[in-house]
Each structure stands twice: as structure tokens, then as C-alpha cells.
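Here is what each chain is made of, one letter per residue.
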Amino acid sequence: MWNWLKTLYHRLGSPKWFYQITGKWLPWFAMSSLLLLGLGLVLGLAYAPMDYQQGNSFRIMYIHVPAAFLAQSVYMMMAAAGVVLLVWKMKMADVVAQALAPIGAIMTFISLVTGAIWGMPTWGTWWMWDARLTSMLILFFLYLGVMALREALSPQEVAAKACALLAIVGVINIPIIKYSVDWWYTLHQPASIKLTEKPAMPASMYLPLLFMVLGFYALLGWSVLLRARAEVLRREAKSGWVRELLKDK
Amino acid sequence: MNQINNEKPAAFCRLTPEAVNSSSLIGVFVAALKREWQLQVRRKGDLINPLVFFALVVVLFPLGVSPTAEILAPVAPGVLWVAALLAVLMSLDALFRPDLQDGSLEQLLVCGYSVAPLSLAKVLVHWLLSCVPLVLLAPLLGIMLYLPWQAQGVLMLSLLLGSLALSLVGAIGAALTTGLGKSGVLMTLLVLPFYMPVLIFGTGAMQAAINGHTALAHLALLAALALVALALSPWAIAAALRIAVSGE
Amino acid sequence: MYFNSLSDFINMGGHGLYVWSSYALTLVLLLSSVLLPWLNLKRTRKQLSRQLAREAARTK
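Remember, it's a predicted structure, so these values are computed and weren't measured experimentally.

## Side note on the overall build of chain A
Step number 1: Secondary structure summary: chain A contains eight helices and zero strands in total.
Step number 2: N-terminal to C-terminal, the α/β element order of chain A is α-α-α-α-α-α-α-α.
Step number 3: Projected onto the principal axes, the alpha-carbon positions of chain A cover approximately 65 × 40 × 35 Å.
Step number 4: By residue count, 45% of the 249 residues in chain A fall in the buried class.
Step number 5: Counted over contacts in chain A with a minimum sequence separation of 6, partners at least 24 positions apart contribute 79%.

Set out below in C-alpha cells:
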């Protein structure tokens, strides 16, 4: 098992193998994301019982929570890819990092906007500087920074390493940011309900959430692989295997 | 400029008029400090700019918001800290650019000394020359914003510690964007998320002092951030410099 | 099924606007995050194969 993983890891490091292997994975990610998201949406929107305090607007949770999860874990993945690039000099790691950034930013944006929309019926205001939304906003700036840096720098190897470094430094800072924003909010917070009071959720409320989170992750795989494959083709355009591949089209 | 094989090529990058033969980290660091001091102390314009910016921003607030103490005093800690933070950020933008443009940055990277102490020396001298004056100017501006007396001491201490952290972390952003011409906005975008915890604790310290509580906890946290930055950022700056120069 | 009728479902107990706008926005963004890269991939393949054909014709 371990050896199989190691071989897979090394295979993925070669552009040609990456393209071939991910080509086979793509339909699985696509189907599972559609299935899981569809299931989660139906169950969450139509079947889950209403939250007593918040009314039906709590159903926004089924998008807000998965988006927030992904926003944070995608950044971790970006930083891990950065480490692989800088330490093991695997160029494919940069392709993956480049593919991760935009979808991470989208997830953060979704989390922010749905959080704000959810806030209106819950707090009576569109924006609230609560700890979670503020941390998300800072995370959004981190994503924008990485994407802007990649655009600004050239040649590609320099941009890759710079973005990797920024992602790694950012990851070290994320716990610091979360801690300080949490502390700042408890200091200034007027007594108000927090966004996710979690009384024990009945299974009918919890199950759709699970499906949605898994569905979001499957969608992440789908989107990242699509982007990464296009980027591989672009970067390796001059190589033999790409010519072979495209000749048959 | 021949060197014997087992000596470090000190002639390639003269840090001092006499060749630095000691290859110890401390020796390199001290020599770099002296060099940076001589270089940076000459750029009077770069030293005055942050001070003027700091003062201008603070002056704009009463004009734009309200001149009354009821409105200014509660926001004084925040305004002072944000203005100081922006002034530090502004001063860092061109930290490495002169060295990149005249080629000495590349020399420093290839001369065989570890780049981390060199970077640290540069940032420390910058901090001494650009940020400490901000700290000294701050109480005056605090008076203009009706800052309560109890907070003045904490203002200076929090700015002293905070500006050290801000300079160190900001230098990483400055190093990454050295090669870019008008990178001002990009550097701000890169660095601002890391500045927010410092801002939060700095203003928190002052609020604690105003309310009569001890600001020790917040100041300790600020000191911790500064120490972590001191320990880790020189390596990140060195890595960023290598990356930035490799594209030239 | 929690709701008793379709109009109840759309109304969401008064919160319909919030819920549906969130879901609509998310759907659009998620769809585009898959659609755009897929179109891009197809476009890249077409561009590169055209470029290859041009080079092959040139070297003939």
C-alpha cells in the first residue's frame, strides 16, 4: 500500500503520467460530485427539519459550512504543494498550486457572501464583523495576494517559487490570524447569537451537510484537475508526448 | 583581488573597508549592520517620508470626521495604530530596490555569506531609522487626537514592539516584489493579512490601558509576535531575495 | 418532506429570498468553476493541435 502510494506520487510528478492518470480520474470526480451535491441539496432544502430559532434561513448553512471548510483546507493544500515545490523541486506541484488558488478564492467568496446573506435574517444586518467572517475576509485577501503575485512575476519558475513561499508563510500565519481575530471579537462583541449555535443536530439535519461537504470536495477535485490538465498541456506544449496526443485529434 | 583558497571571498562584497575575515555569523552580522547604517542614514528623504505620512494621516482624521473629543478620543488608539502601520508599510516598499538596481544584491547572494543575517541587519537598521522616529512622534499626535494620558506609554511601547514585527514581516513582501517596478499595491495586498494580528493586539493593549486594566498581556503577545518574526523572517527574506533575483 | 406545498418550499417561511439567492449564487459560481476550466482545456487542445499542424506543414 505504502509503495503503491509512493509510486503514485512519483508518477504524478511527471507531466505525462499526471495527464494520463488524471484523465481516468476525471469522470469519477465529476459523477461523485454531481451525485453527492444533488443528494445533499435535495435533502437539505426539502427534507431537513427547520431550525427552531433561525427559521428556514439556516438552510444556507448547507452551502456556507462546506465553502468555509474548503476555503481553509484548499489553502493548506496550496501551502503543502508549495513545500513540495521548494523542497523536492517537483514542478507539477506548482501546476496543482496554480489550479488550487482560484477555486480557493471562489470558496472563500461564497463563504463570505452566504455568511452575509445569512446574517441579514439572523442579525438584521448585511455585514457583521464577527470573528469567523473577518477571518474569512483576511483569508480572501491572502488568496488574492497569491493570485496577484503569480500574475505579476515572470518568468514562470520565479513566480512559482514566490507563490510557494507566500503560501507557506501564510499558512504559518493563519492560526495567528484566527486566534487574534477570535480574541478581538470576544472583546468587542455585543451580546448576540453566534452564527452556528450547535445544539445536537438531528441526523436529518446533519446528513445533508455531510453530503454537501463531500460533494464540494469532489467538485474541488474535478475543477482542479481540469485546470491542472490544461496547464500541463500549455507548459509541455513542445514535448513529444503532447505532440503525439494532439496529433490524433 | 586574489584570495587564498581557504579564505571567504571577502573582497567580492566589502562590508567594511578592511576585509572581513571572520566567517562567524555574528561577525558578518555586525559588519552588515555597520554597512547598512552608513547606507541608509544617507537617504534622508526615505527617512522623513514615513514621519510626514504618519502626521498627515492623523491630521486628516479630525478634518474628515469631527474635531470633538467625544468622537476622536474613543477612536484615537485605532487611528494612531492604522496610520503608523501604513507609514511602516510605505517605508518598506523600496527596501531592497536600490540594492537590486545597482547590482549589490546579487553580489550579496553569491558572496558565500549566509543571507539571513544580512537581511536581518538591513531590516533592523531600517527599523531603527524609520520606525523608532514614528514611535517618538506618536505621543504628540496622540495629544492631537485627545488620547487619554494613561495610554501614551502603552502607545509608544506597543508601537515599538509592533513596528518591529511589521518591519520584519513586511520585508518578506518587499523582498518578493523587489523586481517589480510599481509594486506598491501588490506588496500591500501580500502583507496586510499578516499585519492584522499585530494591529489587533496593539490597539487592544491601548484599550486595556485606557480602561484602567493592565496592558501586560497584550504587550507580551506583541513581544511574542516580534520575537517569532525575529527568529523566522530572516530566512524567509533570504529565500524571497533569492527567488526575486533569480528572475533577473 | 418538510414542506407541505411548492409555494411553501419557495417561500421558506419568509426567508425565501435569502435562501434562494445564496443557492443561486453558489450554483452559478460552482458551475463556472467547472465549466470555464473545461472550456479552457478544450480550447487549449484545439490551439495546440492547430499550432502543431502549422509547424508540420511548414517543415514539409
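Still more ground to cover, so stick around.
## Remarks on unusual backbone geometry
Only a minority of non-glycine residues have a phi that is not negative, and only a minority of peptide bonds are not trans.
Step number 1: A positive phi angle is found at Lys89 of chain A, which is not glycine, with a value near 55°.
Step number 2: Position of Lys89 of chain A relative to the elements: it lies in the loop between α3 (61-88) and α4 (91-123).
Step number 3: Positive phi is not limited to glycine here, since Tyr146 of chain B has a value of about 60°.
Step number 4: Tracing the sequence through the fold places Tyr146 of chain B in the loop between α6 (115-144) and α7 (150-176).

## Quick notes on the interface of chain A and chain C
Step number 1: Taken together, the contact pairs 35 residues of chain A with 28 residues of chain C.
Step number 2: Secondary structure elements with two or more residues in the side of chain A that touches chain C: α2 (15-47), α4, α7 (203-235) and α8 (240-247) of chain A.

## Some words on the interface of chain B and chain A
Step number 1: On the side of chain A, 24 residues touch chain B, which itself brings 20 residues to the contact.
Step number 2: Counting only elements with at least two residues in the side of chain B that touches chain A, the list comes to α7, α8 (184-210) and α9 (216-246) of chain B.
Step number 3: With 11 residues, α8 of chain B is the largest single contributor of residues to the side of chain B that touches chain A.
Step number 4: The residue makeup of the side of chain B that touches chain A, split by class, is 17 nonpolar, three polar and no charged.

## A word on α4 of chain A
Residues and elements named next belong to chain A.
Step number 1: Taking 1.5 Å of rise per residue, the 33 residues of α4 would be expected to cover 48 Å, and the 47 Å separating its terminal C-alpha atoms lies within 8% of that figure.
Step number 2: Of all 33 residues making up α4, 26 are buried, and the element is well covered by its neighbours.
Step number 3: Within two residues after α4, Gly124 carries a phi angle of roughly 85°, on the positive side.

## Remarks on the confidence of the model for chain A
Residues and elements named next belong to chain A.
Step number 1: When pLDDT is averaged along chain A, the result is 86; 94% of the residues meet or exceed 70.
Step number 2: By mean pLDDT, the top-scoring element of chain A is α3 (93), and the lowest-scoring one is α8 (83).
Step number 3: The model gives residues 190-195 a pLDDT under 50, and that stretch makes five contacts with residues more than four places away or in other chains.

Conventions used here
- Residues numbered from 1 in each chain as written.
- Chains lettered and ligands numbered in written order.
- Predicted model: local features only at pLDDT ≥ 70, side-chain atom pairs only at ≥ 80, totals over all residues.
- Helix = DSSP H or I, 4+ residues; strand = E, 2+ residues; numbered from the N terminus.
- Buried ≥ 20, exposed ≤ 12 C-beta atoms within 10 Å, placed from the backbone.
- Contact = placed C-beta atoms within 7 Å.
- Nonpolar A, V, L, I, M, F, W, Y, C, P; charged D, E, K, R; others polar.
- Expected span 1.5 Å × (residues − 1).
- pLDDT = per-residue confidence, 0-100.

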